[in-house]
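Letter by letter, the chains look like this.
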Amino acid sequence: MAGGGTIRVGIGGWTYAPWRGTFYPPGLPHARELEYAAAHVSAIEINATGYRLQSRESFARWGRAVPDGFVFAIKASRFCTNRKVLGEAGESIAKFVAQGFTELGDRLGPILWQFAATKRFDPDDFAAFLALLPSAHDGVTLRHAIEPRHESFRDAAFVAMARAAGVAIVFADSPDYPVIPDLSGDFVYARLQDQREEEAAGYAPLALDRWAETARAWACGAAPAGLPYVVPAAMEQPRPAGPRNVFVFMINGAKVRAPAAAMALAERLRG
């Protein structure tokens, strides 16, 4: 957008049976689902990487299936994040990073490090974990987004730590997990998780209007008003200003509505 960063709106994954006939046209071959999805949204969060390693060949094939400007976010392995001592995740992180997702080239977006709802904020251990995240691999710069799911992370110390490390704190619109809207990295990663099946586009029209306004503010480097910030503006330390690229994923909630929600939001952003 003019004067701001690029806003991409996407979904989680591309293989989901209820999307056949609601998003994918009848008779579309499974092998063409990614191609079809990438023609209608501008980003996809790859969830399979959270459960098992993928091959270099798979990443290269996925990269070829999508158009220029499309981006994949990569969910980090649960073997890196679902552990008692995060500071001991170095070997798992190295194995995850080496699996070959750099084959995506300029289609590679942020890596999402998602934590269990039972994982509490331990400042020393979390600092040790952040220090393990590589800034690059195979000559490719890596960007990291952190999604804590325990209320203890609504802590000014966590926000300061994320800012110092240059990682983005995931903004999660969820009825089940804490909202931490404080800006940290040089991009914004939002996961909108409160879609309703009774709404044709997942969210009500006015809610989609508000999300569009919020995404535009993020892209311009602003902290949108009305959100429950951990660190009030008056107490903030100076942080890098300027445009930010924005990734908004319609995910979970009524997942059957996710593609419609993503397309409805993208349409508003084009207006």
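Residues numbered from 1 in each chain as written. Predicted model: local features only at pLDDT ≥ 70, side-chain atom pairs only at ≥ 80, totals over all residues. Heavy atoms only, no water.

Trainee: Please clarify how the sheet that holds strand β10 (residues 187-192) should be interpreted in this entry.
Mentor: Backbone hydrogen bonds are what pair the strands of a sheet, in a parallel or an antiparallel way. Across the sheet, 9 strands lie side by side as β8-β7-β4-β3-β2-β1-β11-β10-β9; this open sheet has parallel pairing. Since the sheet does not close on itself, it has two edges, and those belong to β8 (168-169) and β9 (171-173), each with one partner. Direction of pairing for strand β1 (residues 7-12) relative to strand β11 (residues 245-250): parallel, over a ladder of 5 bridges. What sits directly across from R8, in β11, is F247. Along the sheet, helix α8 (residues 258-270) contacts β1 and β11; its crossing angle with β1, the most-contacted strand, is approximately 175°. (Pairing = 2+ DSSP bridges. Helix = DSSP H or I, 4+ residues; strand = E, 2+ residues; numbered from the N terminus. Contact = heavy atoms within 4.5 Å. Axes fitted to C-alpha atoms, helices over the stretch in contact; angles between N-to-C directions.)

Trainee: I would appreciate a short explanation of the packing of aromatic side chains in the present structure.
Mentor: We describe a pair of aromatic rings using the distance from one ring centre to the other and the angle between the two ring planes. Taken as a whole and judged by the stated rule, the model has 29 aromatic pairs. Between the aromatic rings of F23 and Y36, the centroid separation amounts to 5.4 Å while the plane-to-plane angle is 70°, which identifies the pairing as edge-to-face. In this pair, F23 sits in the loop between β1 and α1 (33-38) while Y36 sits in helix α1, placing the two residues 13 residues apart along the sequence. Considering the side-chain rings of F121 and F158, the 5.8 Å spacing of their centres and the 70° angle between planes classify their relative orientation as edge-to-face. With F121 in the loop between β4 (108-114) and α5 (123-132) and F158 in helix α6 (residues 156-165), this residue pair connects regions lying 37 residues apart in the sequence. Judged by relative accessible area, F121 falls into the buried class, the value being 12%. Here F158 falls in the buried class, since its relative accessible area comes to 0%. (Phe/Tyr/Trp six-rings, centres within 6.5 Å; stacked < 30°, edge-to-face > 60°. Buried < 20%, exposed > 50% of the residue type's maximum accessible area, 1.4 Å probe, protein only.)

Trainee: Help me understand the environment of W218, please; the structure alone is not making it clear to me.
Mentor: Within the secondary structure, W218 sits in helix α7 (residues 205-219). Given the relative accessible area of 1%, W218 is considered buried. Separated by 31 residues in sequence, W218 and F187 have C-alpha atoms that sit 8.5 Å apart. When sequence neighbours within four positions are dropped, the list of residues in contact with W218 reads F171, L183, V188, A190, P224, R244 and V246.

Trainee: I'm lost on the side chain of H144 in this one. Help?
Mentor: Its location among the elements puts H144 in strand β7 (residues 144-147). We classify H144 as buried; its relative accessible area is 6%. A distance of 3.0 Å separates a polar atom in the side chain of H144 from a polar atom in the side chain of W113. Within the structure, the side chain of H144 is placed 2.7 Å from the backbone oxygen of P134, a separation counted as a polar contact. The residues contacting H144, other than those within four sequence positions of it, are I111, W113, L133, P134, V167, A168 and F187. (Polar contact = N/O pair within 3.5 Å; in protein donor to acceptor, adjacent residues only side chain to side chain.)

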